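# Report on the structure
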Amino acid sequence: MGSIQSSVASLLFILGLCVGQRVVLVQEGRLYRARGYHITIWCNVSGFQGPSEQNFQWSIYLPSAPEREVQIISTMDPSFPYASYTQRVRSGEIYIERVQGDAALLHIKELQDRDAGEYECHTPTTDERYFGSYSAKMNLSVIPDTVLATMTPQVLTRVEGDPLELTCEVSKSTAQHTHLSVAWYHLQGAGEGQAMMILSLSKDFVLTPGSSYTQRFLSDVRLDKVGNTTYKLSIDRVQASDQGQVYCEAVEWIQDPDGTWKDIARKQTENTSLIVGSRDRDFHANIAAVESSLAEGKPLQVDCSVKAQNSQNRWFQVVWLFKEVEIARIDPHGVLALKKEYEERAALGQFQMMKKSNEMYIFKVYQVGLKDKGTYSCTVSEMEKASTGFSTIQSKTSSGIDVNVKPIESHMRVSVLSERQIMEGDTLILHCEVSEATNPLSVNWWHLRKSGDQPEHIVEMERDGVLRPGTSYQERSANRDLRLEKVNSTTFTLAIYNTSATNDGGSYKCEVTEWSMDRSWKQAQETSVAISPLGSNVSATLISRTADIKFTQDFELFCQVPASYVITKVPVSITWQFQPSTGPTGYQQLVKIMPSGTIEWGAAPSHFQRKTRVTKSASASQLLIHSATEQDAGRYRCEVEFWRRSSQHAGHPAVAAAAAVMSNVVAIKVTPPESKLRVDTEDRSLEISGSTDTEIKCRITSLTQKDAQLAVTWYFLPPSPADAAPLQIVSTNYSNILEYGAEFSSPMQKSKFHSERVSSDLFQLRILSVNHGDRGRYYCLVEEWLWTADSGWYKLGKKESGKTMLEFKLSENKLHVEKTNHSITATENEDVTMSCLLQGPSQPASLFSAIWFHGLEHSGMKTLMKMHASGMVEYAEAGKGGRLHLRRPSFGDFSLTLRSVELGDAGVYWCQVQEWQQDGSGAWVERASELSGYTRLTALPPESTVSSRVCSSPSLLHFILIYPLILFLSLIAVFLCLYAKIRQTRKESIYQRKGKELWLDLKGVGDVEPMDADHNNLKAEETD
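Computed from a prediction, not measured in an experiment: that's the story for all the values here.

### A short note on the nonpolar core
Within the largest apolar cluster, 38 residues are counted, with the highest numbers of intra-cluster contacts made by Trp576, Leu590, Leu623, Tyr636 and Val640. Looking at this core, the elements with two or more residues in it are strand 44 (555-560), strand 45 (572-580), strand 46 (588-593), strand 49 (620-625), strand 50 (634-645), strand 51 (654-662), strand 52 (666-671) and strand 62 (792-800). Aside from chain neighbours lying at most four places away, what touches leucine 623 is Phe555, Glu556, Leu557, Trp576, Leu590, Val591, Thr612, Arg613, Val614 and Tyr636. Counting 32 residues, the second largest nonpolar core, distinct from the first, contains Tyr37, Val221, Ile254 and Ala265.

### So, the sheet that holds strand 70 (residues 896-898)
In spatial order, the strands read 65-70-69; together these 3 strands make up an open sheet with antiparallel pairing. The open sheet has two free edges, formed respectively by strand 65 (832-834) and strand 69 (884-886), since each of these has just one partner strand. Mean inter-strand twist for the sheet, computed between neighbouring axes without regard to direction, equals 25°. Here strand 65 runs beside strand 70; their pairing, made up of 3 bridges, is antiparallel. Looking at strand 70, one finds that methionine 834 is bridged to leucine 896.

### A closer look at the packing of aromatic side chains
On inspection of all chains with the given rule, the structure shows 21 aromatic pairs. Judged by centre distance (5.7 Å) and plane angle (80°), the ring pair of phenylalanine 848 and phenylalanine 891 falls under edge-to-face. A residue pair is termed long-range when its members are at least 10 positions apart, and phenylalanine 848 in strand 66 (residues 847-855) and phenylalanine 891 in the loop between strand 69 and strand 70 qualify at 43 residues. Judged by its relative accessible area of 3%, phenylalanine 848 is buried. In this structure phenylalanine 891 comes out as exposed when scored by relative accessible area, which is 55%. Pairwise contacts between aromatic rings join Trp320, Phe322, Tyr342, Phe351, Phe363 and Tyr376 into one cluster. Above the ring of phenylalanine 131, the side-chain terminus of arginine 129 is found at 5.0 Å from the ring centroid. Positioned above the aromatic ring of tyrosine 587 is the side chain of arginine 637, whose terminal nitrogen or guanidinium carbon lies 3.9 Å from the ring centre.

### A word on the side chain of threonine 935
Mapped onto the fold, threonine 935 is located in strand 73 (residues 935-940). Given a relative accessible area of 2%, threonine 935 falls into the buried group. Residues in contact with threonine 935, not counting those within four places in the same chain, are His822, Ile824, Met834, Gly907, Val908 and Tyr909.

### Some details on a nonpolar patch on the surface
A contiguous nonpolar patch, built from Ile960, Leu961, Ile962, Tyr963 and Ile966 and spanning about 470 Å² of accessible area, is present on the exposed surface. Turning to its location among the elements, leucine 961 is positioned in helix 9 (residues 954-984).

### A word on the pairing of strand 13 (residues 178-188)
Across the 11 residues of strand 13, 9 count as buried, placing the element largely inside the fold. Pairing analysis gives 11 bridges linking strand 13 to strand 18 (residues 244-255), with the strands arranged antiparallel. The partner of glutamine 188 across the bridge, within strand 18, is glycine 244.

### Comments concerning the sheet that holds strand 1 (residues 23-26)
Note on sheets: strands pair through backbone hydrogen bonds, and any given pair is parallel or antiparallel. Within the open sheet, the 4 strands sit side by side as 1-3-7-6. Their pairing is antiparallel. Two strands in the sheet have a free side with no partner beyond their single neighbour: strand 1 and strand 6 (94-100). In this sheet, adjacent strand axes meet at a mean angle of 20° when their direction is disregarded. Relative to strand 7 (residues 103-108), strand 3 (residues 39-46) runs antiparallel, the two sharing 6 bridges. Paired with isoleucine 39 across the two strands is isoleucine 108, which belongs to strand 7.

### Section: the state of the cysteines
Summed over the entire model, instances satisfying the criterion amount to 7 disulfides. Paired through a disulfide, cysteine 43 and cysteine 121 show a sulfur-sulfur distance of 2.0 Å. Since a negative S-S torsion denotes a left-handed disulfide, the cysteine 43-cysteine 121 link at about -90° is left-handed. Taken together, the residues span a long stretch of sequence, with cysteine 43 in strand 3 and cysteine 121 in strand 8 (residues 117-122) at a distance of 78 residues. The residue that forms a disulfide with cysteine 432 is cysteine 510, at a sulfur-sulfur distance of 1.9 Å. Disulfide cysteine 432 to cysteine 510: torsion about the S-S bond roughly -80°, handedness left-handed. Of this pair, cysteine 432 sits in strand 34 (residues 428-435) while cysteine 510 sits in strand 40 (residues 506-516), placing them 78 residues apart in sequence.

### Re the pattern of salt bridges
For the coordinates displayed, the defined rule picks out 35 salt bridges. Salt-bridge contacts for arginine 222 lead to aspartate 224; the nearest nitrogen and oxygen are separated by 2.8 Å. A relative accessible area of 36% means that arginine 222 is categorised as partly exposed. Via salt bridges that share partners, Glu249, Lys262, Asp263 and Arg266 belong to a single interconnected network.

Cut-offs used in this document
- Residues numbered from 1 in each chain as written.
- Predicted model: local features only at pLDDT ≥ 70, side-chain atom pairs only at ≥ 80, totals over all residues.
- Heavy atoms only, no water.
- Core = buried A, V, L, I, M, F, W, Y, C linked by side-chain atoms within 4.5 Å.
- Buried < 20%, exposed > 50% of the residue type's maximum accessible area, 1.4 Å probe, protein only.
- Helix = DSSP H or I, 4+ residues; strand = E, 2+ residues; numbered from the N terminus.
- Contact = heavy atoms within 4.5 Å.
- Pairing = 2+ DSSP bridges.
- Axes fitted to C-alpha atoms, helices over the stretch in contact; angles between N-to-C directions.
- Phe/Tyr/Trp six-rings, centres within 6.5 Å; stacked < 30°, edge-to-face > 60°.
- Lys NZ or Arg CZ within 6 Å of the ring centre and 35° of its normal.
- Patch = residues over 30% accessible without salt bridge, like charges linked within 9 Å, V, L, I, M, F, W, Y side chains within 5 Å.
- Areas by Shrake-Rupley, 256 points an atom, 1.4 Å probe, with all protein chains shown as cover.
- Salt bridge = Lys/Arg side-chain N within 4 Å of Asp/Glu carboxyl O.
- Disulfide = S-S within 2.5 Å.

Now the structure itself:
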């Protein structure tokens, strides 16, 4: 908003210049100023007429009464101020400063809270007429002074060159956005005179040194902000000119609306007194050796020390001299410079020179040689740092120290220890022990297979521990089958893994070299090792606690290597093999335990994996098979293989079996359990009268196991003939799934016969609406099933129950059904009708149903169809449903029509008629029933005719139809051929000769008498 007002004012000012219009401008607000500080507000006027010096009057509109003007001060009227400002104006606390004739500054020396409000600058007119603006306004807000700057006052005494650190705590809590600047000042002497700035950090975080500290700002004067409110002044080396008073000043800055930054508050800390004393700059250089007389190869350390006052704040350079010749130097920054010979030795790790502190410098040779014998000294120079670098102030050289190096001699002794004999595949361990050696050692191992052979280099360990395998052992080293390690300072152990009887036996030599600088001494010792081949004198034994196993019993087999040969180091795998008693011949791999413990299942029946546990120890393996069945019976054996590994590393698998032994064979016999299934075998007789329901019982008297499952099959034996085969009615397997027999699979039969399990030991066959066709013997066949984990359900045994004879007794209430027997002879494919007539009177409220039966001579009968009292018809066999037709042309006529008679339809037919009446409760009950006389049907094949024989014989039909056609086409072809030949010749004689030949040919070709013979044969067949 303020910027808009300023723009408008500027525009008016410009217009005023153009047309003579008065414009008054005041400093843009709102201004924020801290309470208690001196402030100024400028005001100027332009475009006026009259004298060049204009008058200014200031007023304020307080927030409590924004419409009421309160006059403050005027340049033309001393009585202008209101009473609340009169005293402050008279005392000079508020005054106006003329900058020039048309500009003035309002000064308030000590701002108070009541000074907050809207200020108006007014210029009384000097114009001929009023034209333009004569006043301008701005806002001033008074905020609290929140700046804090504190530093603990103290008196510090330093010596020239000492460091100095002072901290100042500066903070603010102004609500407006403000910045802080921090500066450190120095007052000479006791604090009189003008303060000189040391270093300041501006509001924009720019460091600026004072004029007296510009050079030192680049070297040892620093100002750091080390916390949110903490500022630290650091002087690395104080000088005499730094003596006096030091304080810290903090200034708070705010940005006005016109974009300028204005300091609104400042605070100074209390002074800290600094006293700087002069320093003694003299120093001394000394040299000393840890041991001045030492043997060749021992470490040499020479120390150069500097004794000086305030040494940590002084710069020194140290030069090492050997026989008065410079060999190394360390500059003031600690940078090392070596002569060429010592630079090479330092690169090899033989030499080191370092600056331990500003007072201690160390020269060290790790393995002193004869060439290091002589006098050592050091020269120390004090340096002064300038902008162009370091310059020498003074130098001191230490006294010399003589170092005596004595040559050494070797008293080394070597011995080799190892096992004299090991088993193939075991690890060969050779210990090479060195005594009385005082210098670094290198070791070489050699192998001699047999006397006269060239020794093979196995491996070398250099002085620094680097291993270098021989040419012929590089592959084994890469596979980690070879290892040489330094157990301690005097023992070197060679380990060869996965040893071979043919390649690793023989003599081994350890050659040790002792090194001292440029000289060396060698000692060697050897030993012989014999390696026994794998599998030698080893056998495997397979044993079992019992060979005759009962069904579902657990059994275990043990595969053992003799205790005299316990395998602890050689990888071993054990393979269990199995040959079943029945089925495939030959042994199959059952399971294999690899050296790593991995189990591999073989091609043996998969049920072993679900019930077999196999374990392996150092010299034995156990095979445990749970819940034995007949599938587990057979011959077992085990094979023990001794392996070589590609590497001794645990993650590398064995790659080849070096030897194998086969165990003896153990035959396991699995005896099935004896079934204890028992069924009630007593024969019974059951007589049913009327069309009632009945049940045939099947009782279980004992089981082998309580958890055994039972399958029950019901059978039916017709009354005749005596040797009739049983018919399966319905079976229920061990999973309670029903399956009806072929003779009882029609919907009518399924709804009639039901198999039920009444209790755990009782099954029954329920027969609904028993009729004459249900007569016969019934029995059940019970099967006992047990579950095994490997083969699932298996049948343990079966038992057949006693037979129940079911007799059907007609109702005592007789119906009058025609009893006359009939005989009908019908030709195949004819339709026949068999009568079933109800005779005599009947009750008007009665309903009748009829059942037709069919049976062969001297055999049982079976139901064909049933017509219910409601008129619904059910067929026992779906295939005959379309050929059987029962219709009632009149009351009491239940005749059956059999269409398209087949030869298999021959037999005896009769019907059973039932009368139904309602009882008191309204239910239909059977009142009477009666069987009709029978009708004997004889089915004959159709009469045979010539045409029927021809049509029924495909070969004869082909002969009559196809062969004459072929013969006719052949004759036409012959005639066409002869005709072509006749036209080729014109001669009469040839024509006549050709004509005779033609008639001869025609007679031979046209002979069709076999056709007559075939016809006679056909007639003879028809006569037959």
